[in-house]
Amino acid sequence: MSFRPTLAALSKKSSTQWIARQRHDHYVKQRASSAYKSRSAFKLLEFDDQLGFLDHDDVNVVVDLGAAPGGWSQVVSQRLGYGSDEDSEPLPSTLPRVRSKRRPAESRPGSDYDPLNIDNMEEELARSESKGRGTVVAVDLLPMNPIPGVRSLQKDFLDPRTDAAITDLLHSSIPGLRQRKKGKALVDVVLSDMAPNTSGNALHDSEESYRLCLSVQAFAARHLRTEEQIGRRYGGVLVLKHFSFDAMNVFRKEKLEPHFSNVQYIKPPASRSESSESYFVCRGWNPVREVPMYGILPESH
Ligand SMILES: C[S@@+](CC[C@H](N)C(=O)[O-])C[C@H]1O[C@@H](n2cnc3c(N)ncnc32)[C@H](O)[C@@H]1O
């Protein structure tokens with residue numbers, strides 16, 4: 001008699017595996033004891049600790065695509081000076097539905113800060129807002145709780161109208177930007193941690209991931225400031241999540257390498273080894289105009 005597991009048995013097995021994996025996951029434990037909203041935050045911390053693309057005074061405008069629940073936006077917010085990432089309480093807790101394990105505020109000496117008190121949250125947010133520089137625009141299909149220095153847009157990035165909504169938000173967020181010419185690139189760093197919902201069909205999932213990557217690359221091409229405009233080597237950065245498969249090598253060679261001074265493929269330690277997700281960290285935006293049949297010419301600015 002052959003044994004074929006039922007769907008229910010399979011899904012019970014995979015959820016048991018998921019729970020066991022979560023229990024032993026170093027980054028899940030680290031996230032639980034930090035103020036980060038996602039385990040993913042540690043990936044961006046690893047990229048930036050390795051390559052240092054956020055920690056420059058000239059980095060003022062960051063677009064975070066696929067930002068919910070907000071871990072990457074928190075990291076950027078901190079690195080733009082809105083809070084410190086040295087301790088685990090740089091930001092007000094914006095997770096009101098999660099019971100804080102910390103002692104009640106009145107029992108902590110010298111503190112009247114209650115993370116579940118909405119007035120304190122607003123005060124803390126306003127205080128943090130006044131400390132940092134620049135702005136982060138965070139885009140996701142899902143809503144996000146407030147983070148200092150971050151303006152969120154609940155929209156589908158693939159909807160053609162979203163580009164204009166991001167530009168409008170950038171112009172209204174930073175007064176100095178209003179004076180800049182319309183159509184001029186404004187963004188110092190584009191981050192994309194977006195991934196399509198996986199269907200279980202590897203070919204379909206890869207195609208969806210590829211489609212997202214093409215759209216993000218095109219967005220970066222429209223909005224990133226160049227190394228020359230920024231006046232610093234490796235200025236103008238794109239961090240792009242993708243599913244690793246053969247076509248991504250062609251994408252890297254044709255869509256990334258000709259336009260950036262440096263492109264690195266990184267599988268960060270915080271990314272689960274069994275996941276096919278990886279990242280391209282591309283620094284130094286120098287767009288070149290592709291001329292079919294005759295090679296590539298530098299773009300005139
Ligand atoms: C891995 S999560 C991002 C985690 C985030 N970086 C963090 O640190 O909290 C991927 C996100 O991409 C979003 N996403 C996927 N496709 C999208 C689309 N077309 N437009 C906007 N967001 C999208 C999902 O809703 C999801 O929240």
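Residues numbered from 1 in each chain as written. Predicted model: local features only at pLDDT ≥ 70, side-chain atom pairs only at ≥ 80, totals over all residues. Heavy atoms only, no water.

### Some remarks on the site of the ligand
The line we're drawing: Being near a molecule or strand, for a residue, comes down to having at least one heavy atom within 4 Å of it. Counting of polar contacts relies on pairs of N or O atoms within 3.5 Å, with two restrictions inside protein: one atom must be capable of donating a hydrogen and the other of accepting it, and residues adjacent in sequence are counted only when both atoms are side-chain atoms. The Shrake-Rupley method, run with a 1.4 Å probe, gives the accessible areas here. Residue values count only the displayed protein chains as cover. Ten residues, namely Ala, Val, Leu, Ile, Met, Phe, Trp, Tyr, Cys and Pro, are considered nonpolar, four, namely Asp, Glu, Lys and Arg, are considered charged, and the remaining ones, Gly among them, are considered polar.
In the vicinity of the ligand lie 19 residues, with Ser38, Asp140, Asp156, Phe157 and Asp193 positioned nearest. Within the backbone of Pro69, a nitrogen or oxygen atom sits 3.3 Å from an oxygen atom of the ligand. Relative to its unbound accessible area of 600 Å², the ligand is 84% covered by the protein chains. Taken together, the residues of the shell around the ligand sort by class into 9 nonpolar, 5 polar and 5 charged.

### Observations concerning the pairing of strand β4 (residues 189–192)
What counts here: Each residue's exposure class comes from its accessible area (1.4 Å probe, protein chains only) as a fraction of the maximum for that residue type: buried when under 20%, exposed when over 50%, partly exposed otherwise. Every helix listed is a DSSP run of H or I at least four residues long, and every strand listed is a run of E at least two residues long, numbered separately from the N terminus. Should DSSP find at least two bridges between two strands, the strands are regarded as paired.
Where burial is concerned, the two faces of β4 agree: the one with Val189 and Leu191 and the one with Val190 and Ser192 are both buried. Across 4 bridges, the pairing between strand β1 (residues 61–65) and β4 is parallel. Bridge pairing links Val63 to Val190 in β4. Of the pairings in the sheet, the one linking β4 to strand β5 (residues 237–243) comprises 4 bridges and is parallel in character. Among the inter-strand pairings, Leu191 is bridged to a residue of β5, identified as Val239.

### A look at empty space enclosed by the protein
The cut-off we apply is this: A pocket here means an open set of points on a 1 Å grid, computed over the protein atoms alone, that has protein on both sides within 12 Å along at least five of seven lines. A cavity is instead a set of points where a 1.4 Å probe fits but cannot get out; residues with an atom within 4 Å of a point line either one. Grid points are joined across faces, edges and corners, and a volume is the space filled by probe spheres set on the points.
The full count for this structure, using the stated rule, is 2 cavities of 30 Å³ or more. By volume, the largest cavity is sized at about 50 Å³. Residue lining of the largest cavity: Phe53, Asp58, Val59, Asp188, Val189, Ile230, Arg232, Tyr234, Gly235, Gly236 and Val237, and that is the complete set. The residue inventory of the lining of the largest cavity, partitioned by class, reads 6 nonpolar, 2 polar and 3 charged. A volume near 40 Å³ is recorded for the second largest cavity. Considering the residues around the second largest cavity, the lining is formed by Met194, Ala195, Pro196, Ser209, Leu212, Cys213, Lys241, His242 and Phe243. Where the lining of the second largest cavity is concerned, the elements lending two or more residues are α8 (202–223) and β5. Among the residues forming the lining of the second largest cavity, the class breakdown is 6 nonpolar, 2 polar and 1 charged.

### Brief notes about the pattern of salt bridges
The line we're drawing: A pairing counts as a salt bridge when a side-chain nitrogen of Lys or Arg comes within 4 Å of a carboxyl oxygen of Asp or Glu.
For the structure shown, the criterion picks out 11 salt bridges. Arg161 is the partner of Asp159 in a salt bridge, and the nearest nitrogen-oxygen pair spans 2.7 Å. For Arg161, a relative accessible area of 64% gives the class exposed. Measuring nitrogen to oxygen at the nearest pair gives 3.5 Å for the salt bridge that ties Glu208 to Arg211. With Glu208 and Arg211 both in helix α8 and 3 residues apart, the pair spans about one turn of that helix.

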